[in-house]
Every structure is written in C-alpha cells, then in structure tokens.
Amino acid sequence: MTKQQANWSPYDNNGGSCVAVAGADYCVVAADTRMSTGYSILTRDYSKICKLADKCVMASSGFQADVKALQKLLAARHLIYQQQHNKQMSCPAMGQLLSNTLYYKRFFPYYSFNVLGGLDSEGKGCVFTYDAVGSYERVGYSSQGSGSTLIMPFLDNQLKSPSPLLLPALDAVTPLSESEAVDLVKTVFASATERDIYTGDKLEIVVINAEGIRREYIELRKD
C-alpha cells in the first residue's frame, strides 16, 4: 500500500488588491476590504492598510496572518527607533526597515506582498514596492495582490514613468493632482472588481499629505 501524505501548507492566500500612487506633495494608498480563502469570503470588511508612522502607511495582500505578524514587528521596531532617536521614522527609512525585516525571514518568508506609501523628508510623495523576500524599489506608482495583473497595465498606460536608465534621473512621481489620483484609483478598482473574484466589497483610500492622513471609502460590487 502506497504511503499517503497530507498536502498541508503553512500558507494561504487571502486575496485582495493594493495600489499606491505618489505625487509631488501627496501619496494615495488604497486597498479593497474583501478577505477570501478559495471560493469563500471570510469577511467583507477587513482593512489591508496599516499606519506605520505619521507620514507612512503600508498596504498588504497575501496571507493575512503573516501580514498581521509583520505589522506587529514593524510597530515594535518603530517604537524602539522613536525611543532611541526621539523622532518618527521617515518613509524611506521605514522602507529600508521593511526590506531588512522581510529579507531576514527569506528562508521561511512572510507570505505578504506590500506597497509602502508616504512622504519623504522633502515632503514629496514616495512609493516603495516589495516582493515577499524584501527586494524593493522606489517607484511613482505600484500595485500588489490578486488584481495587480489587471491594475498594473492600466496604471502603466495612464502614468508611465520615465525609464530609470535615462540621465539625468527624473523624479518617480506622477504628474496628477491629488484629486485626479484619487479618481484614478477609484476607476482602477471598479475595473479590477469586474474581473477578479478576490477583489471587491469596499475600497479604502488613504491620502497622505502635509496636513496629515485622510481616509475615504467607496462601495465596490459585492458578488
């Protein structure tokens, strides 16, 4: 009799999509609120966006248990940083910390796909995009999650950033105004929701600018 082995995995993919767009003096980070496993919806109201510092937020898709563990670790490391330096981490510093944290676990990774958005020390919008093991890049816009294959071509078409090989190097920020970027994000998610079964229910939009952080919500289709 052949030995049968249970096909157990420590990971799951809870779906969902995240988008971030950086502008001259703002950053828009958005994610849907559906959390699924297989063909089941676990909840229609789960926030994938986490505030890490006053001018820095992270949106994560993938395995939400790993995401929660990652958020707790980053919060603890940020608290230590604040006590040692008497100031909050900048968004680029948090970007490097997130990369180091993911890379440290590369042999048993956090199954999370993150976009980090916020303002840098000059007040410009910045977006960092990651893979599961900490490889990251500063970009003008990015998307992660189950709908990213639908969202990225649309963003490329609307916002195509200049090649990093062109000299002199140009800023990786989009030319849109804040309200135009928010409208674009709403359009992108309305489109992705039509085709991706793991994206839907509600859209959470976080806008970071000099005044602080603002949240808004819009309904997406629920089927």
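For the structure itself, look to the data block above.
Keep in mind the model is a prediction, meaning the values are calculated, not measured.

## Concerning the sheet that holds strand β8 (residues 125–130)
Strands sit in the order β5-β6-β7-β8-β9 across an open sheet of five strands; the sheet is antiparallel. Of all the strands in the sheet, the pair left with one neighbour each is β5 (49–53) and β9 (136–139). Shown here is a sheet whose adjacent strand axes are inclined to one another by a mean of 25°, direction ignored. Looking at chain direction, strand β7 (residues 112–119) and β8 are connected through five bridges and run antiparallel. Among the inter-strand pairings, L116 is bridged to a residue of β8, identified as F128. Its contacts with the sheet put helix α1 (residues 64–85) on β5, β6 (56–62) and β7, and the angle it makes with β6 is roughly 155°. Across the sheet, helix α2 (residues 91–104) lies against β5, β6, β7, β8 and β9, angled at about 165° from β7, the strand it touches most.

## Considerations on the sheet that holds strand β12 (residues 212–219)
Overall, antiparallel pairing links the five strands, which are arranged β10-β1-β2-β11-β12 in an open sheet. A strand with exactly one partner marks an edge of an open sheet, and here the two such strands are β10 (141–145) and β12. Going across the sheet, the axis of each strand differs from the next one's by a mean of 15°, ignoring polarity. Each of β1 (17–22) and β10 is contacted by helix α3 (residues 148–159), which is oriented at about 170° to β10, the strand it contacts most.

## Re the pairing of β9
Across four bridges, the pairing between β8 and β9 is antiparallel. Residue pairing in the sheet places F128 in a bridge with R138 of β9. Hairpin geometry of β8 and β9 is characterised by an intervening segment of five residues between the two adjacent antiparallel strands and by a positive phi of about 95° at G134.

## A short note on the environment of Y136
With respect to the helices and strands, the residue Y136 is situated in strand β9. For Y136, a relative accessible area of 28% puts it in the partly exposed group. As for Y136 and I208, which are separated by 72 residues in sequence, their C-alpha atoms are 21 Å apart. Once you skip the residues sitting within four places of it in the chain, Y136 turns out to touch G95, Q96, S99, F128, T129 and Y130. A distance of 2.8 Å separates a polar atom in the side chain of Y136 from a polar atom in the side chain of Q96.

Scoring rules and cut-offs
Residues numbered from 1 in each chain as written. Predicted model: local features only at pLDDT ≥ 70, side-chain atom pairs only at ≥ 80, totals over all residues. Heavy atoms only, no water. Pairing = 2+ DSSP bridges. Helix = DSSP H or I, 4+ residues; strand = E, 2+ residues; numbered from the N terminus. Axes fitted to C-alpha atoms, helices over the stretch in contact; angles between N-to-C directions. Contact = heavy atoms within 4.5 Å. Buried < 20%, exposed > 50% of the residue type's maximum accessible area, 1.4 Å probe, protein only. Polar contact = N/O pair within 3.5 Å; in protein donor to acceptor, adjacent residues only side chain to side chain.

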